[in-house]
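A closer look at the structure
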Amino acid sequence: MYKSLRKFIFLFSPETCHRAVVRLLKISRFIPFAGCVMRLLFSYKNKSLEREVLGIKFRNPVGLAAGFDKNAEVVNQLANLGFGFVEIGSVTPLPQPGNPQPRVFRLPQDNAIINRMGINNIGAKAVAEKLRRTRRHHRIPVGGNISKNTATFNVQSPSDYERSFAMLYDHVDYFAVNVSCPNVTGLTQLQDSEVLEQIIDRLINVRHYRDDYKPILLKLSPDLTLEHIDEVVDLARSKGIDGIVAVNTTTSRDGLQTAPAEVEAIGNGGLSGAPLAQKAIERVRYIHEKTQGRLPIIGVGGIMTPDDAVNMLKAGASLIQVYTGFIYNGPGFAKQILKKLVSG
Ligand SMILES: Cc1cc2nc3c(=O)[nH]c(=O)nc-3n(C[C@H](O)[C@H](O)[C@H](O)COP(=O)(O)O)c2cc1C
C-alpha cells in the first residue's frame, strides 16, 4: 500500500515531505485515539525482542537513526510507529540553519538518498528544554547525537561537544558523538586527530561529576580505512567509550545505477541507503571481531529490508537503526523487521 502512495509522496521534495510527516506526527498527539490506532497498525511486541544493552532496557532492537528527529519533536509518535529507540540530533551547542536548500536528493533507482543538510537544528538548549518537558512521557530510550557548530574550528570543537553534552545530559539515555558527518567541513577529520582524544576526555570528565551514568558512543564514518578504525576503536576503548555507532553516510558514489551526470549534478553530500549496506555490515563485523564482541555496536547503514536487519545483527550489532529504509518502506518498516526477527 505504501509503495503506491510513495509514487505520490515522491512528487514532492524530500524536505517538504519530511516537514509534512513531522507536522502530521505532531498533530496526531491531539487527535483522539490516533496514538492507539498507530500502535495497533505499526507496533509489534514480543518478549524475544527485548534487549538490555549499555545498561538500558530496549523493548526491541530497531531504532530510528539520527537526522530524522533532529530537534526531539516526535519521539513518542515514533515509538507508536514501532521503533524501540530514537536517536535525536545531531544537536550543536548553538542553533544553526544548515546548508542552503535543496540539500536532500532521492536516488530511487538506487534506493538511496544524498544529503548535505549541514546539521540544521535548534540548538542544545532548546532541544534540552523540549526533552525536559516530554521526557517523563517517553516510552522508549532516547539517544542524544551531538556535534559541533559548523563555524567552530576543529581545534575548538571539544568545548562545543562538551556544551551540548552537558545541556542534554539529564534528558537522554545515551550519547552518540558525531565525528563522521561528511556535510560539515573538516568534521570527519576529527576521527583522525588528537582532538578526538580531547573531546572524549572532556565528555568523560563531565560525566565523572554526574550522579547517573550515561553511555557514550562514537559514531564513525564508513569511509575510514581499517587501520583508521583500529586506531579510533583502540583509543575509544582505552578512554572508556561505551560503544560504537557504525556507520554515518558515505562520500563514495561507487556502484550507483543513477546516471553519472545526474549524480554529479546533485553535488556534494553523504550517500545513504542500499549502496551503503555492504560497507556498513563489513565495518560492523570488523569492529565486532576486533573487540571480541565486548564493545556494543549500533549497526546502521543500508538496512532496506528485514533480511538486511537480520544480517546486521548477525554481523555483531547489538542494536540497529534505520533512516533511508524508513523513507523508502514507510511507517510499517519497523514492524516488518520485528516480525522477521521473531519468525527467524
Ligand atoms: C537526511 C539525512 C540527515 C541525516 N542527519 C544526520 C545527523 O544529523 N547526524 C548523524 O549522525 N547522522 C545523520 N544522518 C545519517 C543517518 O543517521 C545514518 O547514519 C545514515 O543515513 C545511514 O543509514 P541509512 O542507510 O539507514 O540511511 C542523516 C541521514 C540522512 C539521510
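Above: the structure in question.
Report follows, based on the coordinates. Model, not experiment: these values are computed from the prediction. (Residues numbered from 1 in each chain as written. Predicted model: local features only at pLDDT ≥ 70, side-chain atom pairs only at ≥ 80, totals over all residues. Heavy atoms only, no water.)

The calculated volume of the second largest pocket comes to roughly 430 Å³. Together, 19 residues line the second largest pocket, and Arg-29, Glu-73, Asn-76, Gln-77 and Thr-134 are the ones closest to its centre. When contributions to the lining of the second largest pocket are tallied by element, the ones reaching two or more residues are helix H2 (14-28), helix H3 (34-42), helix H4 (75-80) and helix H5 (124-134). Of the residues in the lining of the second largest pocket, the class split is four nonpolar, eight polar and seven charged. (1 Å grid on protein atoms, 1.4 Å probe; cavity = no way out; pocket = protein on both sides within 12 Å on 5 of 7 lines; lining within 4 Å. Points joined across faces, edges and corners; volume = space filled by probe spheres on them. Helix = DSSP H or I, 4+ residues; strand = E, 2+ residues; numbered from the N terminus. Nonpolar A, V, L, I, M, F, W, Y, C, P; charged D, E, K, R; others polar.)

Let's shift gears to the sheet that holds strand S4 (residues 85-91). Here eight strands make up a closed barrel; going around it, the order is S3-S4-S7-S8-S9-S10-S12-S13 and the pairing parallel. Direction aside, the axes of adjacent strands within the sheet are offset by 25 degrees on average. (Pairing = 2+ DSSP bridges. Axes fitted to C-alpha atoms, helices over the stretch in contact; angles between N-to-C directions.)

Quick look at the side chain of Asn-60 now. By the secondary structure assignment, Asn-60 is in the loop between strand S2 (56-58) and strand S3 (62-64). Taking relative accessible area as the criterion, Asn-60 reaches 1% and is therefore assigned buried. At a separation of 3.2 Å, a polar atom in the side chain of Asn-60 contacts the main-chain amide nitrogen of Gly-84. Not counting chain neighbours up to four residues away, the residues in contact with Asn-60 comprise Leu-49, Gly-82, Phe-83, Gly-84, Phe-85 and Leu-338. (Buried < 20%, exposed > 50% of the residue type's maximum accessible area, 1.4 Å probe, protein only. Polar contact = N/O pair within 3.5 Å; in protein donor to acceptor, adjacent residues only side chain to side chain. Contact = heavy atoms within 4.5 Å.)

Of the two faces of strand S13 (residues 319-322), the one lined by Leu-319 and Gln-321 and the one lined by Ile-320 and Val-322 are each fully buried. Sheet analysis places S3 next to S13, joined by three bridges and oriented parallel. Across the sheet, Leu-64 pairs through a bridge with Val-322, a residue of S13. Across three bridges, strand S12 (residues 297-300) lies against S13 in parallel orientation.

What follows deals with the site of the ligand. The immediate surroundings of the ligand are formed by 22 residues, with Ala-66, Ser-90, Lys-219, Gly-302 and Thr-324 found nearest. The contact in question runs from an oxygen atom of the ligand to an N or O atom on the side chain of Lys-70, over 2.9 Å. Between the ligand and Tyr-323 there is a distance of 3.1 Å, counted from an oxygen atom to a backbone nitrogen or oxygen. For the ligand, whose unbound accessible area comes to 600 Å², protein coverage reaches 97%. Broken down by secondary-structure element, the contributors of at least two residues to the shell around the ligand are S4 and strand S11 (270-273). Considered class by class, the residues forming the shell around the ligand number seven nonpolar, 13 polar and two charged. (Near = heavy atom within 4 Å. Areas by Shrake-Rupley, 256 points an atom, 1.4 Å probe, with all protein chains shown as cover.)

Read these as spatial facts, not as claims about activity.
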